[in-house]
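# Secondary and tertiary structure notes
Below, each chain spelled out in residue letters.
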Amino acid sequence: MAQTIVIFGASGDLTSRKLIPALYSLFKKDKLTETLRIVGVSRSPFEHEEYRDSLRETTEKFTGSLFDSESWNAFAENLYYEPGDINEAKDFTELATFLKKIENGDKAGRLYYLSTMPQLYEKAIEQLGNAGLADDSDGFRRVIIEKPFGTDLATAEALNASIHRVFREDQIYRIDHYLGKETVQNIFALRFANSIFEPIWNRNYVDHVQITVAEEVVIGRRAGYYDKAGILRDMFQNHLLQLMMITAMEPPARYDASLVRDEKVKVLHSVRKMSGGDFASNTVRGQYKGYLQEEGVPPGSQTETYAALKLYCDNWRWKGVPFYLRSGKGMSCRTTQIVIQFRQAPHILFGHKTRTPVGNRLVIQVQPAEGIQLHFEAKVPESEMKTRTSTLDFDFNQAASGGMPDAYQRLLLDALLGDASLFARSDEVELAWGIVDPIDAAWRSPAAPPLFPYEVGLWGPPESNDWMAAQRREWFDVC
Ligand code: BG6
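Not measured: the values here are computed from a predicted model.

Rules behind the numbers
Residues numbered from 1 in each chain as written. Predicted model: local features only at pLDDT ≥ 70, side-chain atom pairs only at ≥ 80, totals over all residues. Heavy atoms only, no water. Helix = DSSP H or I, 4+ residues; strand = E, 2+ residues; numbered from the N terminus. Buried < 20%, exposed > 50% of the residue type's maximum accessible area, 1.4 Å probe, protein only. Contact = heavy atoms within 4.5 Å. UniProt positions renumbered as here; feature names shortened; annotations may be inferred. Polar contact = N/O pair within 3.5 Å; in protein donor to acceptor, adjacent residues only side chain to side chain. Pairing = 2+ DSSP bridges. Domains from an automatic or database assignment. Buried area = accessible area lost by both parts, 1.4 Å probe. Salt bridge = Lys/Arg side-chain N within 4 Å of Asp/Glu carboxyl O.

## Description of the environment of Met245
Summarising the element assignment, Met245 is placed in helix H8 (residues 223-248). The exposure class of Met245 is buried, given its relative accessible area of 2%. Residues Met245 and Leu32, 213 residues apart in the sequence, show an inter-C-alpha distance of 31 Å. Among residues more than four places away in sequence, those in contact with Met245 are Lys264, Val267, Leu268 and Glu428.

Written out as structure tokens, the structure reads:
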């Protein structure tokens, strides 16, 4: 069946940097149906040809050696532009007519991609419904919604309720681009396609888990959004909790959207709610020096750009095992990694008088050095019986012919195919807010724990290292 993707927010950054390059890459790899049409919608007045030209340069830039003029021209033939204002009902009626025209009146599945300002999501959905564009009697009608999905639990619930008035849950695809990353999907393979890890993947063998998403970049010109969000809403409610769910979940009976998400949601249900003194003892927050001087940041802002949380999953598998989640801007390098730190051998034979042995550790490098390393203790050759940490290293890039595809390729393709496994379900998003909201409230209260300043280019506030040291643990840093 023919397919049409309608992108709202067509002149935005995400469309030119991610969506069109991803769709072009899929086209080049022959992964799209022959009759896929793409319609960009935004308020700017473009002719089709002008719109195509405006996207050519960025697509070339972001697809690199994959790009060639001939295939771009073939791809661009099916790229259209329709001016439209989300607040104008008549623009949606015109869009409906335009879609029918380019689809030649044939049946076609449609994917609506909301890449607009989040404040417009509800209106866009309502207008799609009113214009009959959600009616799926002539082919599927699906909607992709970008993050942020709400700004707290109440707004996420309200947004879910508005969308459910127009689309069924199985038509809704809430993006978390971390789920589109190959290395994140590889965690499913590592855990559920092998039997060697499962017996030790629990409280009996795991001392703790560390999930780090560190970024070198600072907030740049995003103060308008960022200062209201802070790192907790920007990164933890979605990406970090997603990584935690996949690391902690039980194996689903089948790799199927609803079963996978059922298991993920159970993890969120098991996360122990913080209260009272927990906010001070189980969280660390920081702000990089210079944040207050960034363009658009209000004077005296208390917004955090670094956070570390200690969470517990109160269930049979994980009871008592801390999950340390940490993320920061202005860190010393960009890295996303999950560290499973296994317990030390119960009885140490080889006397570590001068150091704690750091082996017994599995590191999943999500980016940028995609791979998996198993750190273990091995004998130092020609020593009496000294050990040091050695590493078995799997390089995921070597396994990928032609480099790692961008997350959006996988997510767009899955949405076209109707596979929602890598998208967040309504209950998942709401539960995640339910974990983050109380922390956010405590951090904004008069009794908030201190906001530690830190130098850009280091590993966040030194107090975060002290916090770990006080728990006889240390952050595993790779840079
Ligand atoms: C986004 C956040 O969701 O993820 C950004 O809004 C962050 O603040 C980005 O920089 C990180 O994504 P990635 O794929 O570069 O790790």
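## So, the UniProt feature "active site" (unreviewed entry) in the chain
Summarizing the sequence annotation, UniProt attributes the feature "active site" (unreviewed entry) to His239 in the numbering used throughout. Position of His239 relative to the elements: it lies in helix H8. Residue class for His239 comes out buried when judged on its relative accessible area of 2%. The contact partners of His239, leaving out residues within four places of it in the chain, are Lys147, Asp176, His177, Tyr178 and Asp234. In terms of polar contacts, His239 uses its side chain to reach the side chain of Asp176, at 2.8 Å.

## Some details on the pairing of strand S11 (residues 335-342)
With respect to burial, S11 is a largely interior element, 8 of its 8 residues being buried. Of the two faces of S11, the one carrying Thr335, Gln337, Val339 and Gln341 and the one carrying Thr336, Ile338, Ile340 and Phe342 are both buried. One ladder, built from 8 bridges, connects strand S7 (residues 206-214) with S11; its direction is antiparallel. Within S11, the residue paired with Val213 across the bridge is Thr336. By the bridge criterion, 6 bridges tie S11 to strand S12 (residues 361-367) in an arrangement that is antiparallel. Across the sheet, residue Ile340 finds its bridge partner in S12, namely Leu362.

## Let's talk about the domain arrangement of the chain
Here the chain is described as being made up of domain 1 (2-175) and domain 2 (182-405 + 439-470). Summarising the inter-unit geometry, the C-alpha centres of domain 1 and domain 2 are found 34 Å apart. Taken together, the 5 residues of domain 1 in the interface contact 6 residues of domain 2. Around 400 Å² of area is buried between domain 1 and domain 2 when both sides are counted, 37% of it from carbon and sulfur atoms. Its largest share of buried area at the contact with domain 2, domain 1 owes to Lys147, Pro148 and Thr151, together 71% of the area lost on that side. Counting every contact that joins domain 1 to domain 2 gives 1 salt bridge.

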